[in-house]
Amino acid sequence: MKIATIEDTQEVLDMSMKFMSETNYTEFSDEGTIKSFIENIVMSPQNEKIILLEPGVGFLAGWSVPFPFGPHLVGSEIAWYVYPEHRGKSVGTSFLKAFEYWAKEKAGCSMVSMVCLDEGLSKYYNNNGYKLYERAYMKVL
């Protein structure tokens, strides 16, 4: 696993588009916007934003954001994708642990926030020490 660089943009973009096709965000995703966002992340200081990449396997993108209710930073996942053939082989756990390390040691975060799309993932997070704080719902306008 490595920290993605500008040279990895196309590979992360390809995985991002696969990620989008597996979510409810498909109709809102724009390849050009996603490419620019990836470039912005990899060119940012590594204590603010990061993309962890295992070429041909998957990626996890995240950033450090202020906690709105106290003087803390939160390492917040932006997107996380692992190719289906690599799922269930502890690859996701490697990404999660690397992201937690980055958030605490490099970005100075005191919390990590992860998105959960289904009950199976909820169980995974619980098994890795995460606690449900709230659920997010969205309405298309």
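Just so you know, these numbers come straight off a predicted model, no measurement behind them. (Residues numbered from 1 in each chain as written. Predicted model: local features only at pLDDT ≥ 70, side-chain atom pairs only at ≥ 80, totals over all residues. Heavy atoms only, no water.)

## With respect to the overall build of the protein
Argument step 1. The helix and strand tally for the protein stands at four helices and five strands.
Argument step 2. Put simply, the protein runs from its N terminus to its C terminus through helices and strands in the order β-α-α-β-β-β-α-β-α.
Argument step 3. Taken over the C-alpha trace, the protein has a radius of gyration of 15 Å; the compact-globule value for 141 residues is 14 Å, and the two agree within 12%.
Argument step 4. With the principal axes as the frame, the protein shows a C-alpha extent of 40 × 35 × 35 Å.
Argument step 5. For the protein, the residues scored as buried account for 34% of the 141 residues in total.
Argument step 6. Once local pairs closer than 6 in sequence are excluded, the contacts in the protein between residues at least 24 apart make up 60%.
Argument step 7. Element-wise, carbon and sulfur atoms account for 54% of the exposed surface of the protein, whose accessible area totals about 9000 Å².
Argument step 8. With 13 positive and 18 negative side-chain charges, the protein shows a separation of 7 Å between the mean positions of the two kinds. (Helix = DSSP H or I, 4+ residues; strand = E, 2+ residues; numbered from the N terminus. Rg over C-alpha atoms; globule rule 2.2 N^0.38 Å. Buried < 20%, exposed > 50% of the residue type's maximum accessible area, 1.4 Å probe, protein only. Contact = heavy atoms within 4.5 Å. Areas by Shrake-Rupley, 256 points an atom, 1.4 Å probe, with all protein chains shown as cover. Lys, Arg positive; Asp, Glu negative; His and termini not counted. Charge placed at Lys NZ, Arg CZ, Asp CG, Glu CD.)

## A short note on unusual backbone geometry
Of all residues except glycine, most have a negative phi; of all peptide bonds, most are trans.
Argument step 1. The phi dihedral of serine 90 is positive, around 70 degrees, even though this residue is not glycine.
Argument step 2. Within the secondary structure, serine 90 is located in the loop between β4 (73-82) and α3 (91-106).
Argument step 3. Serine 90 sits in the exposed class, given a relative accessible area of 54%.

## Things to note about the pattern of salt bridges
Argument step 1. The final tally for this structure, using the stated rule, is three salt bridges.
Argument step 2. Between glutamate 100 and lysine 97 there is a salt bridge, and its shortest N-O distance comes to 3.6 Å. Of this pair, glutamate 100 and lysine 97 both sit in helix α3, three residues apart, roughly one helical turn.
Argument step 3. Overall, lysine 97 belongs to the partly exposed group, its relative accessible area being 40%. (Salt bridge = Lys/Arg side-chain N within 4 Å of Asp/Glu carboxyl O.)

## Considerations on the pairing of strand β2 (residues 49-54)
Argument step 1. Extensive coverage of β2 is indicated by the burial of five of its six residues.
Argument step 2. In the sheet, strand β1 (residues 2-3) pairs with β2 via two bridges, with the strands oriented antiparallel. Looking at β2, one finds that isoleucine 3 is bridged to leucine 52.
Argument step 3. Here β2 hands over to strand β3 (residues 58-66) after three residues, with glycine 56 in that stretch at a positive phi of 75 degrees. (Pairing = 2+ DSSP bridges.)

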